[in-house]
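# Commentary on secondary and tertiary structure
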Amino acid sequence: MVDSLGVAVVGFGWMGRVHTQAYARLPHHYPRLGLRPELVAVAEEVPGRAEEAAGRFGFASATRDWREVAADPRVKAVSITAPNFLHRQIGVAMAEAGKHIWIEKPVGLSADDARAVAGAAARAGVHSAVGFNYRNAPAVETARDLIASGGLGTVTHARIRLLSDYAAHPEGALTWRYERERGGHGVLGDLASHGVDLARFLLGDIVSLTADTAVFIPERARPTGATAGHTRAAGGDLGPVENEDYVNCLLRFASGARGVLEACRVSVGEQNNYGFEVHGSEGAVFWDFRRMGELGVSLGTRYQDQPVSTRHAGPGDGEFEAFQPGAANAMGYDDLKVVEAYRFLRSIAEDKPYGATLDDAVRSAQALDAMVRSAQSGSWVEVAGP
């Protein structure tokens, strides 16, 4: 017997739609999951957007006030896909109302925000999931297994990159994303948070780092109305960009390995160039999100002139077989969010955490805070423990 679980989505921009579609697809990809999500409520403050979402996707009710969702007894789990500056307030309120939480990264604007949400969830005894979706790629999970099994020997160094052009146009509107008070530290929360999670997922805890940041487009035009995504605003009044376009960082891991992390939101010519290279004393692995189902692998005992082969993800790698029947069939970004939704509901069904949780969000945020301190001081800083 499959039990119904009332779910809600708070914030219905692009990511709210992605979460909603992931819930809708769960029964198709995971028919044996003991819970089936029921779309109970959607909340979005932009006039008309919640009603449009309800009509399109079948939510039972729509509201502009997320507090109505917190008070709704039908809602047992909630996706929080509102802007970053609202994560702490909404996350704490939902946890205190007894709702399980699937929340997008970076879970607020600081480690204090992430800890507040995590603490509320722990006190309430609710489960959590966090939107670190790139770790869900089957090839990434295969890379982690290779590293953990010693297939690369001792890991020596790694490079993690997240380069994109979504903010590269100088006419991009000065939305909340570019304000310190509402958007936090810009590309650190947008992209570097994913990089830190990948680094930790693959190689373990980061103990210290040194970082440098920059703003390359210092002014943008203010929008005149509601915005969604990365809206243009040519000709409007100019205002300052208050947070970072770029960060690069040297990492030291608890294992002794070294790393480099680079993230940029204004990289002309780069579209979702996300990936990593991990090198060990006996081998290496290489992954590029744009070729998500491929993992470059160099294994053996030649050391010098050792060849690299391409391994195609297939059944047995992560959650691949829930989506495709045979190796080298392509998966996409939205599939990674279905995996995330599955692990969230499985956590609830089995009362045991699966996938990225609020604890991972706290650890990522601690590293991001350390990057800010390092960039300000120009020195190496320690990353706080749990």
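Residues numbered from 1 in each chain as written. Predicted model: local features only at pLDDT ≥ 70, side-chain atom pairs only at ≥ 80, totals over all residues. Heavy atoms only, no water.

### As for the nonpolar core
Counting 83 residues, the largest nonpolar core has Val278, Val285, Trp287 and Met371 as its most contacted members. In terms of residue count, the dominant contributor to this core is helix H8 (residues 187-203) (10 residues). Apart from the residues within four sequence positions on either side, Met371 is in contact with Leu188, Val196, Leu209, Ala211, Val247, Cys249 and Leu261. Core analysis: the second largest hydrophobic core is formed by 35 residues, Ala114, Ala118, Val130 and Leu358 among them. (Core = buried A, V, L, I, M, F, W, Y, C linked by side-chain atoms within 4.5 Å. Buried < 20%, exposed > 50% of the residue type's maximum accessible area, 1.4 Å probe, protein only. Helix = DSSP H or I, 4+ residues; strand = E, 2+ residues; numbered from the N terminus. Contact = heavy atoms within 4.5 Å.)

### A few points about unusual backbone geometry
Here Lys105 and Pro106 are connected by a cis peptide whose omega angle stands at 10°. Within the secondary structure, Pro106 sits in the loop between strand E5 (100-103) and helix H5 (111-124). Its identity is not glycine, yet Val107 carries a phi of approximately 60°, on the positive side. With respect to the helices, strands and loops of the structure, Val107 is situated in the loop between E5 and H5. Of note, the phi angle at Asn272 is positive, near 50°, even though the residue is not glycine. Along the chain, Asn272 turns up in the loop between strand E12 (258-264) and strand E13 (273-280). For Asn272, a relative accessible area of 35% gives the class partly exposed.

### Overview of the sheet that holds strand E17 (residues 381-382)
Strand order in the open sheet formed by nine strands is E16-E15-E14-E13-E7-E12-E11-E8-E17, with mixed pairing between adjacent strands. In the strand order of this sheet, the two ends are held by strand E16 (309-312) and E17, each with one partner. Alignment of strand E11 (residues 246-253) against E12, held across seven bridges, turns out to be antiparallel. Residue pairing for E12: Asn248 is matched across the bridge by Glu262. In the packing of helix H6 (residues 138-148) onto the sheet, the strands contacted are strand E7 (155-163), E13, strand E14 (284-288), strand E15 (294-298) and E16, and the crossing angle to E15 comes to about 25°. (Pairing = 2+ DSSP bridges. Axes fitted to C-alpha atoms, helices over the stretch in contact; angles between N-to-C directions.)

### Some thoughts on the side chain of Arg343
By the secondary structure assignment, Arg343 is in helix H9 (residues 333-350). Using a relative accessible area of 13% as the deciding quantity, one classes Arg343 as buried. Residue contacts for Arg343: discarding those within four places in its chain leaves Asn136, Glu141, Glu319, Tyr354 and Gly355.

### A look at the sheet that holds strand E1 (residues 3-10)
Taken together, the six strands give an open sheet; going across it, the order is E3-E2-E1-E4-E5-E6, and neighbouring strands pair in parallel fashion. Only two strands of the sheet have a single partner each, and these edge strands are strand E3 (61-63) and strand E6 (128-130). Taking the axes of each pair of neighbouring strands and ignoring which way they run, one obtains an average angle of 25° across the sheet. Sheet topology places E1 next to strand E4 (residues 77-80); four bridges connect them, and they run parallel. The residue of E4 that forms the bridge with Val10 is Ile80.

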